[in-house]
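# Structural description and commentary
Spelled out, the chains give:
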Amino acid sequence: MPELEIVIGTKAVSSWSLRPWLALKATGQKFTETLIELRQPDAKEKILKHSPAGLVPILKHGPVTLWESLSICEYLAETFPEAKLWPADPAARAVARCVATEMHGGFAPLRAAMSMEVKKRLPTPPMTDELKANVARITRLWNDSRRNFGAKLGGPFLFGRFSVADCMYAPVTTRFTTYGVTVDPVSTAYIAAVADLPDMKEWIAAA
């Protein structure tokens, strides 16, 4: 089996690095972690040595180099099917992909107003209509996923057991905690479940 290497950015702030790192940890495979400190003058130069895209994260697996978080998670799910990174049920799996993709491509106001800062507790930003709509949509996704799938399949995560969908929303759970965003009981329980993951605790401790 070729060696796995993941190139990531600063753990305190790199939400896109956290997502595939959690997926890689969930596979149980051994891997090399290369950390590049972001917001430094030479950060871009260091990243470009690994990928011409100039962005983290980057996964290297033998001749394969991937540089986009959701694609990395998909590759890991397919390469290590025993990790069960997507739900086994076809309907649950399809919805989980919808949920993950919506996070990947959306919620720009939330990202702009509440950057990931896992080691800090910061004031809640002004709740503009756009930001309120983002929070409402995310918590609706969490509630619907838990009600329709997670609670039925067993386990505390969106689709029961931990999946790529949870990888995609893990940085959002930290943002809500960092900025003191008040959410409903189902969302509060989900945030706690993600925070209680040993791999999540390891990431935050290392940050």
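These lines cover the structure that appears in this document, whether it is placed above or below. Being a predicted model, the structure only gives us computed values, none of them experimental.

### Some remarks on the layout of surface pockets
Of the pockets and cavities examined, the largest pocket occupies roughly 260 Å³. Around the largest pocket, the lining comprises 14 residues; the ones closest to its centre are Ser14, Trp16, Leu55, Val56 and Pro57. Among the residues forming the lining of the largest pocket, the class breakdown is eight nonpolar, five polar and one charged.

### Quick notes on the environment of glycine 106
By the element assignment, glycine 106 lies in the loop between helix H4 (90–105) and helix H5 (108–113). Residues glycine 106 and asparagine 134, spaced 28 residues apart in sequence, show a C-alpha to C-alpha distance of 8.8 Å.

### Overview of the pairing of strand E1 (residues 4–9)
Taken across its six residues, E1 has six buried, putting it largely inside the fold. Both faces of E1 are covered, namely the face carrying Leu4, Ile6 and Ile8 and the face carrying Glu5, Val7 and Gly9. Alignment of E1 against strand E3 (residues 58–61), held across four bridges, turns out to be antiparallel. Considered in E3, the bridge of isoleucine 6 is made with leucine 59. Across five bridges, E1 lies against strand E2 (residues 32–36) in parallel orientation.

### A closer look at unusual backbone geometry
Residues other than glycine predominantly adopt negative phi, and peptide bonds predominantly adopt the trans conformation. That bond from valine 56 to proline 57 is cis: its omega, 5°, falls within 30 degrees of zero. On the secondary structure map, proline 57 appears in the loop between helix H2 (43–48) and E3. Residues other than glycine seldom take positive phi values, yet arginine 39 does so here, at roughly 60°. By secondary structure assignment, the location of arginine 39 is in the loop between E2 and H2. For arginine 39, a relative accessible area of 63% translates into the label exposed. The phi dihedral of lysine 84 is positive, around 55°, even though this residue is not glycine. Structurally, lysine 84 is set in the loop between helix H3 (69–79) and H4. Assessed through its relative accessible area of 48%, lysine 84 is described here as partly exposed.

### Let's talk about the sheet that holds strand E4 (residues 64–66)
The sheet built from four strands is open, its strands ordered E2-E1-E3-E4 with mixed pairing. Taken across any chain shown, the strands that pair with only one partner, and hence form the sheet edges, are E2 and E4. Neighbour to neighbour, the strand axes of the sheet diverge by 15° on average, direction disregarded. Together, E3 and E4 form the strand contacts of H3, whose direction differs from that of E3 by roughly 30°.

### A look at the packing of aromatic side chains
Scanning the entire structure with this criterion turns up six aromatic pairs. Arranged with centres 5.4 Å apart and planes meeting at 35°, the rings of phenylalanine 149 and phenylalanine 159 form a pair that is tilted. Here phenylalanine 149 is found in helix H6 (residues 129–153), whereas its partner phenylalanine 159 is found in the loop between H6 and helix H7 (164–178), with ten residues between them in sequence. The pair phenylalanine 149 / phenylalanine 159 is uniform in exposure class, with both members buried. Taking 5.5 Å as the distance between ring centres and 80° as the angle between the ring planes, the aromatic pair formed by phenylalanine 157 and phenylalanine 162 counts as edge-to-face. Here phenylalanine 157 matches phenylalanine 162 in class, with each residue buried. Members of the aromatic cluster, each reached through a chain of ring pairs, are Trp142, Tyr169, Phe176 and Tyr190. Here arginine 19 stacks its cationic end above the ring of tryptophan 16, 4.1 Å away from the centre of that ring. A cation over a ring is seen here: arginine 97 above tryptophan 86, with NZ or CZ 4.6 Å from the ring centre.

Each value, and the rule that gives it
- Residues numbered from 1 in each chain as written.
- Predicted model: local features only at pLDDT ≥ 70, side-chain atom pairs only at ≥ 80, totals over all residues.
- Heavy atoms only, no water.
- 1 Å grid on protein atoms, 1.4 Å probe; cavity = no way out; pocket = protein on both sides within 12 Å on 5 of 7 lines; lining within 4 Å.
- Points joined across faces, edges and corners; volume = space filled by probe spheres on them.
- Nonpolar A, V, L, I, M, F, W, Y, C, P; charged D, E, K, R; others polar.
- Helix = DSSP H or I, 4+ residues; strand = E, 2+ residues; numbered from the N terminus.
- Buried < 20%, exposed > 50% of the residue type's maximum accessible area, 1.4 Å probe, protein only.
- Pairing = 2+ DSSP bridges.
- Axes fitted to C-alpha atoms, helices over the stretch in contact; angles between N-to-C directions.
- Contact = heavy atoms within 4.5 Å.
- Phe/Tyr/Trp six-rings, centres within 6.5 Å; stacked < 30°, edge-to-face > 60°.
- Lys NZ or Arg CZ within 6 Å of the ring centre and 35° of its normal.

Remember that the coordinates give geometry; whether it matters functionally is a separate question.
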